[in-house]
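Listed below, chain by chain, are the residues.
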2 protein chains.
Amino acid sequence: MTADLIKRIFEPHFSNPILLTGNDFAELIIKKGRIVVSTDSHIVQPLFFPGGDIGKLAVCGTVNDVAMSGAVPKYLTAGFIIEEGFEIQNLEEIAESMQAAAKEAGVDIVAGDTKVIEKGKGDGVFINTTGVGVLEEDFHIGGENARPGDAVIISGTVGEHGMAVLSARGDLGLESQIQSDVAPLNGLIRQLLHVCPDVHVLRDPTRGGLATTLNEIACQSDVCIQIQEKNVPVLPAVRTACEMLGFDPLYVANEGKVIIILPETQVEKALKVLHEHPYGKKAQRIGGVKESPKGRVLLHTALGTNRILETLSGEMLPRIC
Amino acid sequence: MTADLIKRIFEPHFSNPILLTGNDFAELIIKKGRIVVSTDSHIVQPLFFPGGDIGKLAVCGTVNDVAMSGAVPKYLTAGFIIEEGFEIQNLEEIAESMQAAAKEAGVDIVAGDTKVIEKGKGDGVFINTTGVGVLEEDFHIGGENARPGDAVIISGTVGEHGMAVLSARGDLGLESQIQSDVAPLNGLIRQLLHVCPDVHVLRDPTRGGLATTLNEIACQSDVCIQIQEKNVPVLPAVRTACEMLGFDPLYVANEGKVIIILPETQVEKALKVLHEHPYGKKAQRIGGVKESPKGRVLLHTALGTNRILETLSGEMLPRIC
């Protein structure tokens, strides 16, 4: 519905070639160089969850969106909308966690803004972050660049963020040790691009999970993406929780994973460098790109059957980021 | 209280030289050039008011913050937090008005994000905008640069935005024809800087009005700013509404005005170019900068007395932008 909203309401009004590329970042051509910006508002509920909080999420989410362009994230802005009566101590904890994440990612928070709204007109705190990065190399990375013959890699296990947030809401109805995977991926991506500069697509499977993000890419590139279910890494705890609740981990949000699409010949090199990084230890080749059926994602299931992986319609887990 | 919050909570955590300059913009030193970013979240209530709406405000507010650095605003990002059940037609109207303002300002909205929250957890729509501008010239403009001997100019009448929003809330208890002054000032500023490149300070007197903004500048520059009350232009309708409600127009928010501080010798040239521009027709020299008392703003009243103009404490008019 959000996609529909954007298509119907915002695109016709804001229409310009940069916005319409359909990526999560905007590449800005400045007279003497190329910079990249990306923006994201964060409304996750609850604000604190196993493995992170809204602050860490706000920094990592935007750092990752900028990094997906191949740019080096450098600067962040942060805009806070705070509900009257919100605990200062919580705000402090959130700010600390933002700074820790910014430090790890090597970015500075260079501009900020704070607005306060009456009690009952907000929900604790909402945080917008906007990131600016610099593109020094001549990469050609984007959702529109997947080509038949390419391989598809995922940098690690899927579904942790969504299930961690759900468990923090008490919605699982069970004790869970699942931690969110929220992490800045710019370091991992930098090392990957150093070894494999001709990566075609980088995208983080956040809202809607792996399945929805692969569908976006299949549409943008006008290709078919085929995935082997058995090769998609899922933690046992996530698999169990998903089974009990009737969720499919392929549709659950991630905040520290990246989909990498690149020429088949580069898979071995890529996996080697990914496996050496703390955030890429469980990276796997999960499938490949074919000519047709165009715009489709096909899943070869563990049972040996094939089925179409549709885009998630509606929002399975609201306020997950 | 917001200033206190920023000082206590955010500055210690995000501390870096760029953030700590205390201006509304961040100047980013990128290897091959200088760009400027600024961010602002908008929570104005009601969303539509005489002379504008939250969309026009969100674009102009950030365009103006970037322009106050001397940079040319080029790109905006926009992040929307929308309450479930919000009328699509209203959103459309807001988007239209954003695009119209962006067009007038000559900027493109290059990245966006939309989040939806449950009914009762938000208030219609909140909009964050982040602006990116390019600084091509070697200006030295900033709140810290006011010098004894400088003159202080205001680009037009003060207090319209705050009173227009109040009247839209029905809080005036009277029929009012006051229109918000919300407007993109980058064109006006560009023409000014073309003629007077050695402007010392540019700042838009938004929340807290002219008096509060002058206090910020007096503190940052460690000087005294002296203002002649009779020279500050105020529309009769604003003056009447303020008198009836016990407000001082010097403390009421503006969204289309700029304070200009520059060497006394340049006043005539500056006023000439301002008066030629639609947004500067009523520009006036309203005072000057002295050595001491440092950090103070003195008002020479229409009655011939002198008094200290304090910073607004608390927020006289909440949710005005």
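Computed from a prediction, not measured in an experiment: that's the story for all the values here.

## Section: the overall build of chain A
Then step 1. Secondary structure summary: chain A contains 8 helices and 14 strands in total.
Then step 2. Counting over 321 residues, chain A shows a buried share of 60%.
Then step 3. Summing over all exposed atoms, chain A offers an accessible surface of approximately 12,400 Å²; the carbon and sulfur share of this is 52%.

## Comments concerning the pattern of salt bridges
Then step 1. Within the structure shown, the criterion is met by 30 salt bridges over all chains.
Then step 2. Note that K121 of chain B and D123 of chain A form a salt bridge whose closest N and O atoms lie 3.9 Å from each other. Taken together, the residues span two chains, with K121 of chain B in the loop between β6 (108–117) and β7 (125–134) and D123 of chain A in the loop between β6 (108–117) and β7 (125–134).
Then step 3. Two residues, E216 of chain B and R203 of chain B, come together in a salt bridge whose shortest N-O distance is 2.9 Å. Residue E216 of chain B is found in helix α6 (residues 209–221), and its partner R203 of chain B is found in strand β9 (residues 201–203); the two are separated by 13 residues along the sequence.
Then step 4. R203 of chain B gets classed as buried once you look at its relative accessible area, which sits at 5%.
Then step 5. Here the residues in one salt-bridge network are D40 and R207 of chain A together with D113 and K115 of chain B, joined through shared partners.

## Notes on the pairing of β7 of chain B
Residue and element names in this part refer to chain B.
Then step 1. The element β7 is extensively covered by neighbouring structure, given that 10 of its 10 residues are classed as buried.
Then step 2. The alternating pattern of β7 places V125, I127, T129, G131 and G133 and F126, N128, T130, V132 and V134 on opposite faces, both of which are buried.
Then step 3. Bridge analysis of strand β5 (residues 72–83) against β7 gives 10 bridges, and the strand direction is antiparallel. In the strand pairing of β7, V72 is matched with V134.

## What about the sheet that holds β9 of chain B?
Residue and element names in this part refer to chain B.
Then step 1. Strands sit in the order β9-β11-β8-β12-β10-β13-β14 across an open sheet of 7 strands; the sheet is mixed. Each edge of the open sheet carries a strand with a single partner, namely β9 and β14 (306–308). If you compare each strand with its neighbour and ignore which way they point, the axes differ by 25 degrees on average.
Then step 2. Sheet topology note: the strand β8 (residues 150–154)/strand β12 (residues 284–290) ladder contains 4 bridges and is antiparallel. Within β12, the position partnered with A151 by the bridge is G288.

## Regarding the side chain of Q266 of chain B
All names here are of chain B.
Then step 1. Here Q266 lies in the loop between β11 (259–263) and α8 (267–275).
Then step 2. By relative accessible area, which is 11% here, Q266 ends up buried.
Then step 3. Those residues in contact with Q266, other than ones at most four positions away along the chain, are C196 and D198.

## Details of the environment of I286 of chain A
Residue and element names in this part refer to chain A.
Then step 1. Mapping I286 onto the fold places it in strand β12 (residues 284–290).
Then step 2. Between the C-alpha atoms of I286 and I153, which are 133 residues apart in sequence, the distance is 5.5 Å.
Then step 3. Beyond its immediate chain neighbours, meaning those up to four positions away, I286 contacts V152, I153, I154, L210, Q226, I227, Q228, N231, V232 and P233.

## Structural notes on unusual backbone geometry
Then step 1. Omega for the bond connecting S292 of chain A with P293 of chain A falls within 30 degrees of zero, at 5 degrees, which places this linkage in the cis form.
Then step 2. Mapping P293 of chain A onto the fold places it in the loop between β12 and β13 (297–300).
Then step 3. One non-glycine residue, D222 of chain B, lies in positive phi territory at about 55 degrees.
Then step 4. For D222 of chain B, the location among the structural elements is in the loop between α6 and β10 (224–228).

## Regarding the pairing of β5 of chain B
All names here are of chain B.
Then step 1. Among the 12 residues that make up β5, 10 are buried, leaving the element largely enclosed by the rest of the structure.
Then step 2. Of the strand pairs in this sheet, β5 and β6 are connected by 9 bridges, and their pairing is parallel. The partner of F80 across the bridge, within β6, is T114.
Then step 3. Read as a crossover between parallel neighbours, the route from β5 over helix α3 (residues 88–105) to β6 is right-handed.

## Things to note about helix α7 (residues 236–245) of chain A
All names here are of chain A.
Then step 1. Turning to α7, its buried residues are V238, A241 and C242. The arc that holds the buried residues of α7, viewed along the axis, is 100 degrees, so those residues lie on one side. Along α7, exposed side chains directed more than 90 degrees from the buried face belong to P236, E243 and M244.
Then step 2. Looking one or two residues beyond α7, the residue adopting positive phi is G246, at roughly 75 degrees.

## Quick notes on the sheet that holds β13 of chain A
Residues and elements named next belong to chain A.
Then step 1. Across the sheet, 7 strands lie side by side as β9-β11-β8-β12-β10-β13-β14; this open sheet has mixed pairing. The two strands at the open ends of the sheet, each matched to only one other strand, are β9 (201–203) and β14 (306–308). Each neighbouring strand pair of the sheet contributes to a mean axis angle of 25 degrees, computed without reference to strand direction.
Then step 2. Taken together, the 3 bridges between β9 and strand β11 (residues 259–263) define a ladder with antiparallel strand orientation. Bridging across to β11, L202 finds its partner in I260.

## Here's the deal with the state of the cysteines
Then step 1. As enumerated under the stated definition, the model contains 0 disulfides over all chains in all.
Then step 2. Not part of a disulfide, C219 of chain A finds its nearest cysteine sulfur in C224 of chain A, a span of 11 Å.
Then step 3. C321 of chain B forms no disulfide, and the closest cysteine sulfur to it belongs to C60 of chain B, at a distance of 13 Å.

## Description of the environment of E216 of chain B
Then step 1. Judged by relative accessible area, E216 of chain B falls into the partly exposed class, the value being 36%.
Then step 2. Each C-alpha atom of the pair E216 of chain B and K74 of chain B lies 27 Å from the other, and the pair is 142 residues apart in sequence.

Analysis parameters
Residues numbered from 1 in each chain as written. Chains lettered and ligands numbered in written order. Predicted model: local features only at pLDDT ≥ 70, side-chain atom pairs only at ≥ 80, totals over all residues. Heavy atoms only, no water. Helix = DSSP H or I, 4+ residues; strand = E, 2+ residues; numbered from the N terminus. Buried < 20%, exposed > 50% of the residue type's maximum accessible area, 1.4 Å probe, protein only. Areas by Shrake-Rupley, 256 points an atom, 1.4 Å probe, with all protein chains shown as cover. Salt bridge = Lys/Arg side-chain N within 4 Å of Asp/Glu carboxyl O. Pairing = 2+ DSSP bridges. Axes fitted to C-alpha atoms, helices over the stretch in contact; angles between N-to-C directions. Contact = heavy atoms within 4.5 Å. Right-handed = clockwise from strand over helix to strand, strands pointing away. Arc of directions from axis to C-beta. Disulfide = S-S within 2.5 Å.

Interpretation note: all reported values are geometric properties and have no functional meaning in isolation.
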